[in-house]
Every structure is written in structure tokens, then in C-alpha cells.
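# Report on the structure
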Amino acid sequence: MTKKIFTLNSPSYVLRIKNSIFRVVMGAVLCLICLAGEARELPAHKPAAGGVAIFDLGPYATEPTVLYQGNAVATVKIDDHWFAVVGIPLSAEVGAEIVVVVKVDDWISFSYVERVLENSYGEEKLEVASKHVTLSPSNLERHQTEKTRIDSVKRTFTDKKPTSFKLRMPVEGRASSTFGYRRIYNGESRSPHSGMDIAAPKGTAVFAAGPGLIVDVGEYFFSGKMITIDHGSGFLTLYAHLSDVDISIGDIVSHTSLIGRVGASGRVTGPHLHFGVLLNGVSVNPDLFL
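Okay, so let's go over this structure. (Residues numbered from 1 in each chain as written. Predicted model: local features only at pLDDT ≥ 70, side-chain atom pairs only at ≥ 80, totals over all residues. Heavy atoms only, no water.)

### Quick word on the pattern of salt bridges
Opposite charge on two side chains makes pairing possible when the charged atoms of those side chains draw close. Inspection of the entire model under this criterion finds five salt bridges. Between Asp-151 and Lys-147 there is a salt bridge; the shortest N-O distance is 2.8 Å. Taken together, the positions of Asp-151 and Lys-147, both in helix H2 (residues 137-154) and four residues apart, correspond to about one turn of that helix. The exposure class assigned to Lys-147 is partly exposed, which follows from its relative accessible area of 42%. The residue Asp-216 makes a salt bridge to Arg-149 at a minimum N-O spacing of 2.6 Å. Taken together, the residues Asp-216 in strand E16 (residues 212-220) and Arg-149 in helix H2 connect sequence positions 67 residues apart. In this structure Asp-216 comes out as buried when scored by relative accessible area, which is 3%. (Salt bridge = Lys/Arg side-chain N within 4 Å of Asp/Glu carboxyl O. Helix = DSSP H or I, 4+ residues; strand = E, 2+ residues; numbered from the N terminus. Buried < 20%, exposed > 50% of the residue type's maximum accessible area, 1.4 Å probe, protein only.)

### Some details on unusual backbone geometry
Of note, the phi angle at His-241 is positive, near 70°, even though the residue is not glycine. His-241 gets classed as buried once you look at its relative accessible area, which sits at 7%. Backbone geometry places Asn-280, a non-glycine residue, at a positive phi of 40°. Relative to the assigned elements, Asn-280 resides in the loop between strand E21 (272-279) and strand E22 (282-284).

### Brief notes about the pairing of strand E3 (residues 52-58)
Summarising burial for E3: seven of the seven residues are buried, a large majority. Direction of pairing for E3 relative to strand E7 (residues 81-87): antiparallel, over a ladder of six bridges. Paired with Gly-58 across the strands is Trp-82, a residue of E7. (Pairing = 2+ DSSP bridges.)

### Considering the environment of Phe-289
Relative to the helices and strands, Phe-289 resides in the segment after E22. Among the residues examined, Phe-289 registers a relative accessible area of 0% and is labelled buried. Each C-alpha atom of the pair Phe-289 and Pro-43 lies 4.8 Å from the other, and the pair is 246 residues apart in sequence. Once you skip the residues sitting within four places of it in the chain, Phe-289 turns out to touch Pro-43, Val-52, Phe-165, Lys-166, Leu-167, Phe-235, Val-277, Leu-279 and Val-284. (Contact = heavy atoms within 4.5 Å.)

### Side note on the nonpolar core
Ranked by size, the top nonpolar core spans 35 residues in total, and within it Phe-165, Tyr-239, Ile-259 and Phe-289 carry the most contacts. Element by element, the count of residues in this core is highest for E21, at four residues. In this view, Ile-259 contacts Val-206, Phe-207, Ala-208, Ile-227, Ile-229, Tyr-239, Asp-244, Val-245, Asp-246, Ile-247 and Val-253; residues no more than four positions away in its chain are not counted. Counting 21 residues, the second largest nonpolar core, distinct from the first, contains Ala-49, Val-73, Val-102 and Ile-108. (Core = buried A, V, L, I, M, F, W, Y, C linked by side-chain atoms within 4.5 Å.)

### Observations regarding the sheet that holds E3
The strand order across the open sheet formed by three strands is E3-E7-E6, and the pairing between neighbours is antiparallel. Edge positions in the sheet fall to E3 and strand E6 (74-78), since each has one partner strand and no second. Strand after strand, the sheet turns through a mean of 25° between neighbouring axes, direction not considered. (Axes fitted to C-alpha atoms, helices over the stretch in contact; angles between N-to-C directions.)

### Considering the packing of aromatic side chains
All chains considered together, the criterion is met by eight aromatic pairs. Arranged with centres 5.0 Å apart and planes meeting at 35°, the rings of Phe-165 and Phe-235 form a pair that is tilted. Residue Phe-165 is located in the loop between H2 and strand E11 (174-177), and its partner Phe-235 is located in strand E18 (residues 235-245); the two are separated by 70 residues in the primary sequence. Neither Phe-165 nor Phe-235 differs from the other in exposure class; each is buried. When the ring of Phe-235 is compared with that of Phe-289, the centres are 5.5 Å apart and the planes differ by 20°; the resulting orientation is stacked. Of this pair, Phe-235 sits in strand E18 while Phe-289 sits in the segment after E22, placing them 54 residues apart in sequence. Assessed through its relative accessible area of 0%, Phe-235 is described here as buried. Chaining the aromatic ring pairs together yields one cluster made of Phe-55, Tyr-60, Phe-110 and Tyr-112. (Phe/Tyr/Trp six-rings, centres within 6.5 Å; stacked < 30°, edge-to-face > 60°.)

Structure, rendered in C-alpha cells:
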């Protein structure tokens, strides 16, 4: 259910487009987009927690400015229409409103409202020794310091436009853990899985999932050796638990660039690649982009 509220920045003009009419128009537009060749450049539209909401903003001569929860949102122009591509956090509750605020030419502003749909990623309950789930004071301090840096990288937003929102699989292997899956250790719920795990032998080549700029290379307590690629406009991919890294910060890569190799660095039990995708600072389901 999508609702659009359109406002001319003048006290005497407020126009509300009724929900039912807008849903019909939006549905027709999205169907036409799916038939167009450019639709292959957009991720799948799935407005659930950890999903993606795509809003047709209409035709404008200048690029609209779009915000969601105060963060800048990626926009892309297809034919003569601008679209907002919004990442929805895994913490979003079913039925909550997704509100994006759009400004055009400094004198027109409007917002789109859509409800978060229900979606279950699954969970697992485990009983393990406390030493496996409780960090020592030194490791906790290290993690907190690293988290500050990683969170800053995840909020990267550049003016560069993504060449495509479609990605290639970065490594050949078997999916071993899915996005959003939650583990409950000793009755304590942990954060849901923020990416896709792909099991592969140590040393297996890892390629960039799409063209972009290397914005971070580091070795972290949980993630091990990790690379983050900026594809433009807050669209990022990350690659964790690597054994080797073949690039440096500032390198420009394509979808054929070898960036590293599968490993078991960080806090893991075996070799695999943790592959993550971010939009406007939040982790979203990589399946929607592949």
C-alpha cells in the first residue's frame, strides 16, 4: 500500500493523491517498467525488513533530493522518470511506515508512504558454552572501536551514480547461510545475519560484484579481512573473512576484477565468503540484486 502526499511550498496549496488511485497508477507504471529493458538495472522491489522499496518519482528536469530516516537515498533516471531506490533496515517492524521525503527545485516537496510487509527469514536456537558467545573485555573494546569505523564506511554516500543495481555472484560456491537468519544463543537473541554466506575452499577467487571504488580494506575482529566497494549513491558491497586481499583503498574495479580470496579470517568456524549489500547505510538482502 503506497500513499503519496504532494505539497507546494506555499500556504495555499496542499494536494493529497488518494491511496486507491495512486496504487493503480503505481502498479501500472511498475508493470511498464518491468517490460522495459532498463528494468534489468533495478533491484527487485520488496518493501519488507531488509528489503528494497522502489518509488517512481515521475519526470523532472533536475534530479530530486530524496531522504529516508534522515539519510540520503539513491536515485536513478530511467527514460524520463526518476526512481528512488530505498534500503529498509532489518529492524523495521511489520506495518511500520516507510516514509521518503522528496524535494525538487527547492520549491516542491512531497513524500511517499508505504507499509513494511511481513517477511520471515527464519531462526535457530542453540545452547553453547558462554565462552563462545561472550567477548573478553579486550576483544569487546576492539570490536567497539572497529564498529565505529565500519559504521562510518557503511554510511558512505557519493554523487556518482551506479552503472547498475544488478550484481554478479562474487564467488563460486554453496550458499551456507542466508540473509536475515537469526540465531538465539542460550535464550539471548543475536542480530540477524546481515549478508549472504557462500561456502567455498580457502583460496577460491573472489571478484567484485560490480564496478566501483574500493573505500575500505581492513582486518576486523568479527569480519576478518574485509573489503568494501562503493558503487555510487550509497550503494555498497562488502566481502568478509578473506584469506588474501589483492586491492587497496582508492582502486577502481570492474565486475571482472579479482579483489581477494576466500578464507576463514575473523570469528568464523570455516572458510566462506560473507557477501553484504548496503543501501542508504543499511544492510539489505543480496538476493534482490543478483
